[in-house]
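Survey of secondary and tertiary structure
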Amino acid sequence: MKVILTGSGGFIGKILKQKLEQVWEVVEVEQNDCWMFLDHFTEWDDVECIFHMGAISDTTASDPVQINYYNVTFTLSLFQIAIAKGIPVKYASSASVYGNGVSQFNPLNFYALSKLTVDYWVKDHIDEFKFVQGFRFFNVYGDGEEDKLERNQASPVSKFIHQAKTEGKITVFEHSDEYMRDFVCVDDVVEIVIDNDNPSGVYDLGTGMPISFGRVAELISKAYDVPIVEIPFPEHLHGKYQTFTCAWVTWPHKFISVKDYVKNSLG
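Quick look at the structure, then. Keep in mind the model is a prediction, meaning the values are calculated, not measured. (Residues numbered from 1 in each chain as written. Predicted model: local features only at pLDDT ≥ 70, side-chain atom pairs only at ≥ 80, totals over all residues. Heavy atoms only, no water.)

Overview of the side chain of Gln-163
Take Gln-163: it is sitting in helix 6 (residues 156-166). One polar contact links the side chain of Gln-163 to the main-chain amide nitrogen of Thr-171, over a distance of 2.8 Å. Apart from residues lying up to four places away in sequence, Gln-163 is in contact with Gly-168, Lys-169, Ile-170 and Thr-171. (Helix = DSSP H or I, 4+ residues; strand = E, 2+ residues; numbered from the N terminus. Polar contact = N/O pair within 3.5 Å; in protein donor to acceptor, adjacent residues only side chain to side chain. Contact = heavy atoms within 4.5 Å.)

Take a look at the structure:
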């Protein structure tokens, strides 16, 4: 049997693909080919599940038409096929839908808005799916972020470790102790996405234990014995940067802590 995996070249998608290939034949779908895939794929009856991880994920992307085209229009087209064919769906949402709220929605950019739009649609049509789970990923970090480092989109955990190894210092924004994030390791994310006992729904996926950017920098600074350097907060991020994230859904799972991950990164 097959599973469909969109976004297989992305950070989470790559790790997910490695796990899925241990059990299933994985049909990979990348953004540039996504519409052609819908037009030409004919083996829907052999598909056991759709894992939809693909999206324009840059939170600073400024073209709402393009973001809507891929993140919303394609997603809903794929989901309508899943409903018609009775194929279970597991898909990536984002904690960015909360913005600076902790229990209500306040998307601060077009990416977050696109994710919230899909979540609302799924909730409106949830009874039509054979099975569907959306996962609002919080700040995912871990091995495999090399491409994201090159685009300056890596998690602070990976970014700070990379800086410590290559530059002998860690660079943080001013007031980083005031910015709290729910950092969750990609290995934990993939394990929960593939195998959990929850019913259909849209769920937070984080540890529920946020720590500050400053604390992450301190942990890595101590582990690698490098200094921390503060820089001004970038102007283009004012008003578009979440100050606090925390997952409120509890999973029966022992999460890897940032402290233990940093310790393991020393090799």
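Here the narrative resumes, following the displayed structure.
Here's the deal with the environment of His-52
With respect to the element layout, His-52 can be found in strand 3 (residues 47-52). For His-52, a relative accessible area of 4% puts it in the buried group. Sequence spacing of His-52 and Gly-13 is 39 residues, and the spatial spacing of their C-alpha atoms is 8.9 Å. Not counting chain neighbours up to four residues away, the residues in contact with His-52 comprise Thr-6, Phe-74, Thr-75, Leu-78, Phe-79, Lys-90, Tyr-91 and Ala-92. Looking at His-52, its side chain comes within polar contact range of the side chain of Thr-75, at 2.8 Å. (Buried < 20%, exposed > 50% of the residue type's maximum accessible area, 1.4 Å probe, protein only.)

Points about a negative patch on the surface
A cluster of acidic side chains, namely Asp-143, Glu-146, Glu-150, Asp-187, Glu-191, Asp-195 and Asp-197, defines a negative patch on the protein surface. If you list the elements that add at least two residues to the negative patch, you get helix 5 (146-150) and helix 7 (186-194). Along the chain, the position of Asp-187 falls in helix 7. With relative accessibility at 40%, the residue Asp-187 sits in the partly exposed group. (Patch = residues over 30% accessible without salt bridge, like charges linked within 9 Å, V, L, I, M, F, W, Y side chains within 5 Å. Areas by Shrake-Rupley, 256 points an atom, 1.4 Å probe, with all protein chains shown as cover. Salt bridge = Lys/Arg side-chain N within 4 Å of Asp/Glu carboxyl O. Lys, Arg positive; Asp, Glu negative; His and termini not counted. Charge placed at Lys NZ, Arg CZ, Asp CG, Glu CD.)

Remarks on unusual backbone geometry
Despite not being glycine, Asn-152 shows a phi value in the positive range, around 60 degrees. Residue position: Asn-152 is located in the loop between helix 5 and helix 6. A positive phi angle, near 55 degrees, is found at Asp-225, a position not held by glycine. Examined against the element boundaries, Asp-225 turns out to sit in the loop between helix 8 (213-224) and strand 12 (228-231).

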